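An overview of the molecular structure
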Amino acid sequence: RDTGVKWSDLDTKGKVLRVLKSIVKFILLLGLLYVFVCSLDILSSAFQLVGGKAAGDIFQDNAVLSNPVAGLVIGVLVTVLVQSSSTSSSIVVSMVSSGLLEVKSAVPIIMGANIGTSVTNTIVAVMQAGDRNEFRRAFAGATVHDFFNWLSVLVLLPLEVASGYLYRLTKLIIDSFNIQTGADAPDLLKVITEPLTKNIIEVRSVDLLGFTIQQYPYSRPHLSLSSGTHMFVYANLPDLAVGLILLALSLLALCTCLILIVKLLNSMLKGQVAVVIKKVLNTDFPFPFAWVTGYIAILVGAGMTFIVQSSSVFTSAITPLVGIGVISLERAYPLTLGSNIGTTTTALLAALASPGETLANSLQISLCHFFFNISGILLWYPIPFTRIPIRLAKALGNRTAKYRWFAALYLILCFFLFPLLVLGLSIAGWQVLVGVGVPVLVFVIFVIIVNIMQKRCPRFLPSFLRSWNFLPKPLHSFKPWDKVVTASMTFCRTRCCCCCKCCKEKERDEEKDDMKTKDKSLEMYDNPALTIEDEAKVTATHL
């Protein structure tokens, strides 16, 4: 919110100072963008120095990175750690630019980065756990992003492994650009960054005999420091040590610049994001064109994310608005999809900072990121029946509102334990991963099908499968677990016996509230400004 003095209330001096502050902030923004692009260039050189020939062989021939499932969970874990898909996707583009990672191996990592970025707004939703109904809406608004990304990966990753459609599509687009490689390749943003980066580091490509790549273009290259005017030219350090130093510094600069850019943009756009959302997205088009509203929301989400250069910031700004009911979940969903598209611009910017000889590969992996999100939107948005993430998010929101500790369990399982377990199985080998993963996947699918049939057509099930009551209660209900969690965390339950009766009465009241709101769970996600509360309804009488 903009808590400052309004423009109309300022005197001449105040207006001049505000204009000067805006100009200074804009100049700082341009400077931070320049440092960001330079850090990407240095990061690429650092990866080349750290890699060399041996590390290049490890990255290209490693069975773990060639495993798409392992690449996926690596992308999830890295993005969760850095809390930014923009950062992780930029790192992946730099690795592709440096030749340490092939485009095919990088596609699953980019998909994982898409999943990992949704952890931020999920954490923001947990902060609204104080009010049960507000938490119900906020958590559903946050996890709709999670479900969209997970469902997209479940469909598109096997499709990519089987057909390589993202790789083939982007390869066709890149080939149509006729991008030159080698000495005549365009450098694009490198022309701007070179005056700074060449004074920090300068590398040259040589083959094993020490000749340049231009002399023997088919030899297997590695990179070393050149004898120029950069700051390490007189340092008595091996290439690996210089590469590690630059890797740490460039990553620090990259993350710092992204954080400062986001904070600077937030200070320049105080309150404007919320104002645009409230005014534009709560307005419907007339009847024949009502379907256009969602697509306008996608464009607004992409545009606002492009402006703030962070999907985490944008979706985290939406989550509280969904919680308090300003935006319905159905409106927040297309906003989130647009945010996924807007965040791909950072990877495109990182690709444009690549040197000319690797520009085509860098652009290709950034386009893979873009078309992955486009494909997900085509799968889960145009037809209302396919908007499964909304229904799943509502169900999870209702569950976490009743058992609020489940939100923390969901975060730990989905973004830490599950990716770490899959990564461990992937390191153990394909046989172990398939041997453990396939039976678990078949069991999960079986449970989902039985649950659906129990609700829709129980007569087709055997009598014992028409409910899960034949199982021990902890295996089909959260209530026993809720008692354990409550007993371990609530002081009055463990220390004060006289309060037990009060706690039980409170639980009964909450259960009654849940029963009352169960039938109106869909109304929980509507904009209260656009609906009429039951208390406001008047029943007329007749004469």
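Residues numbered from 1 in each chain as written. Predicted model: local features only at pLDDT ≥ 70, side-chain atom pairs only at ≥ 80, totals over all residues. Heavy atoms only, no water.

**Topic: the overall build of the protein chain**
- The helix and strand inventory of the protein chain stands at 22 helices and 2 strands.
- Looking at the 543 residues of the protein chain, the share that counts as buried comes to 44%.
- Taking the contacts inside the protein chain whose residues are at least 6 apart along the sequence as the reference set, 75% of them involve residues at least 24 apart.
- As presented, the protein chain carries roughly 29200 Å² of accessible surface, and 67% of it is formed by carbon and sulfur atoms. (Helix = DSSP H or I, 4+ residues; strand = E, 2+ residues; numbered from the N terminus. Buried < 20%, exposed > 50% of the residue type's maximum accessible area, 1.4 Å probe, protein only. Contact = heavy atoms within 4.5 Å. Areas by Shrake-Rupley, 256 points an atom, 1.4 Å probe, with all protein chains shown as cover.)

**Regarding the environment of isoleucine 174**
- Mapping isoleucine 174 onto the fold places it in helix H8 (residues 165–177).
- Between the C-alpha atom of isoleucine 174 and that of alanine 360, which follows or precedes it by 186 residues, the distance is 6.5 Å.

**What about the pattern of salt bridges?**
- Under the definition given, this model contains 1 salt bridge.
- With a closest N to O distance of 2.8 Å, lysine 394 and glutamate 330 form a salt bridge. In this pair, lysine 394 sits in helix H17 (residues 388–402) while glutamate 330 sits in helix H14 (residues 329–342), placing the two residues 64 residues apart along the sequence. (Salt bridge = Lys/Arg side-chain N within 4 Å of Asp/Glu carboxyl O.)

**A word on the side chain of asparagine 114**
- Within the element layout of this structure, asparagine 114 appears in helix H5 (residues 103–116).
- In terms of polar contacts, asparagine 114 uses its side chain to reach the side chain of asparagine 373, at 2.5 Å.
- Excluding residues within four positions of it along the chain, asparagine 114 makes contact with Asn149, Asn340, His369, Phe372 and Asn373. (Polar contact = N/O pair within 3.5 Å; in protein donor to acceptor, adjacent residues only side chain to side chain.)

**Quick word on a nonpolar patch on the surface**
- On the surface, Val432, Val436, Val440, Phe443, Val444, Phe446, Ile448 and Ile452 cluster together into a nonpolar patch covering about 690 Å² of accessible area.
- With respect to the helices, strands and loops of the structure, valine 432 is situated in helix H19 (residues 430–456). (Patch = residues over 30% accessible without salt bridge, like charges linked within 9 Å, V, L, I, M, F, W, Y side chains within 5 Å.)

**With respect to the packing of helix H4 (residues 85–98) against helix H16 (residues 359–380)**
- Remark: H4 packs on H16, axes separated minimally by 8 Å, with the N-to-C direction vectors making an angle of 150 degrees. Considering how the two elements wind past one another, H4 and H16 form a crossing that is right-handed. In this structure, H4 uses Ser89, Val92, Val93, Val96 and Ser97 to contact H16, whose residues at the interface are Asn361, Ser362, Ile365 and His369.
- The class makeup of the residues in the contact of H4 with H16 is 4 nonpolar, 5 polar and no charged. (Axes fitted to C-alpha atoms, helices over the stretch in contact; angles between N-to-C directions. Left-handed = near helix turned anticlockwise from the far one by under 90°. Nonpolar A, V, L, I, M, F, W, Y, C, P; charged D, E, K, R; others polar.)

**Brief notes about the confidence of the model for the protein chain**
- Residues with a pLDDT of 70 or more make up 73% of the protein chain, whose mean pLDDT is 75.
- When the criterion is pLDDT under 50, residues 53–59 qualifies, and its contacts beyond four places in sequence or with other chains add up to 11 contacts.
- The low-confidence segment residues 497–503 (pLDDT under 50) makes 6 contacts with residues lying over four places distant or belonging to another chain. (pLDDT = per-residue confidence, 0-100.)

**Here we look at the packing of aromatic side chains**
- In this structure the tally under the stated criterion is 15 aromatic pairs.
- Relative to tryptophan 405, the ring of tyrosine 403 has its centre 6.2 Å away and its plane inclined at 55 degrees; by these criteria the two rings are tilted. Across this residue pair, the class does not change: tyrosine 403 and tryptophan 405 are buried.
- The interplanar angle of 75 degrees and the centroid separation of 5.8 Å between the aromatic rings of phenylalanine 464 and phenylalanine 470 together place this pair among those described as edge-to-face.
- By relative accessible area, which is 45% here, phenylalanine 470 ends up partly exposed.
- Taken together, the ring pairs in this structure connect Phe135, Phe139, Tyr410 and Phe415 into an aromatic cluster. (Phe/Tyr/Trp six-rings, centres within 6.5 Å; stacked < 30°, edge-to-face > 60°.)

**Concerning the packing of H5 against H16**
- H16 packs onto H5 with a crossing angle of 40 degrees between their chain directions and a minimal axis gap of 10 Å. Between H5 and H16, the interaxial angle falls into the category oblique. Once H5 is placed against H16, the crossing between them reads as right-handed. Residues Val103, Ala106, Val107, Ile110, Met111 and Asn114 of H5 form the contact with H16, whose own contacting residues are Asn361, Gln364, Ile365, Cys368, His369, Phe372 and Asn373.
- Taken together, the residues of the contact of H5 with H16 sort by class into 8 nonpolar, 5 polar and no charged. (Parallel < 35°, antiparallel > 145°, perpendicular 65-115°, else oblique.)

**Let's talk about the nonpolar core**
- With 83 residues, the main nonpolar core has Leu101, Met111, Ile201, Leu246, Tyr333 and Ile365 as its most contacted residues.
- Core analysis: the second largest hydrophobic core is formed by 10 residues, Val300, Met304, Ile318 and Leu335 among them. (Core = buried A, V, L, I, M, F, W, Y, C linked by side-chain atoms within 4.5 Å.)

**Considering H14**
- With 14 residues, H14 extends 20 Å between its outermost C-alpha atoms, agreeing within 8% with the 20 Å of an ideal straight helix rising 1.5 Å per residue.
- Of all 14 residues making up H14, 13 are buried, and the element is well covered by its neighbours. (Expected span 1.5 Å × (residues − 1).)

**Details of the side chain of serine 118**
- Here serine 118 is to be found in the loop between H5 and helix H6 (119–126).
- A distance of 2.8 Å separates a polar atom in the side chain of serine 118 from a polar atom in the side chain of aspartate 146.
- In this view, serine 118 contacts His145, Asp146, Asn149 and Phe415; residues no more than four positions away in its chain are not counted.

**Looking at helix H7 (residues 132–163)**
- Here H7 contains 32 residues, and its C-alpha end-to-end distance of 46 Å stays within 8% of the 46 Å for a straight helix at 1.5 Å per residue.
- Of all the bends in H7, the largest measures some 30 degrees and sits at threonine 143.
- Within H7, 23 of the 32 residues are buried, which leaves it mostly tucked inside the rest of the structure. (Bend = angle between axes of the 7 residues up to and from the residue.)

**A word on a positive patch on the surface**
- There is a patch of like positive charges on the surface, built from Arg391, Arg399, Lys402, Lys455, Arg456, Lys473, Lys479 and Lys483.
- At the level of secondary structure, the elements contributing two or more residues to the positive patch comprise H17, H19 and helix H20 (479–489).
- It is H17 that provides the largest number of residues to the positive patch, a total of 3 residues.
- Along the chain, lysine 473 falls in the loop between H19 and H20. (Lys, Arg positive; Asp, Glu negative; His and termini not counted. Charge placed at Lys NZ, Arg CZ, Asp CG, Glu CD.)

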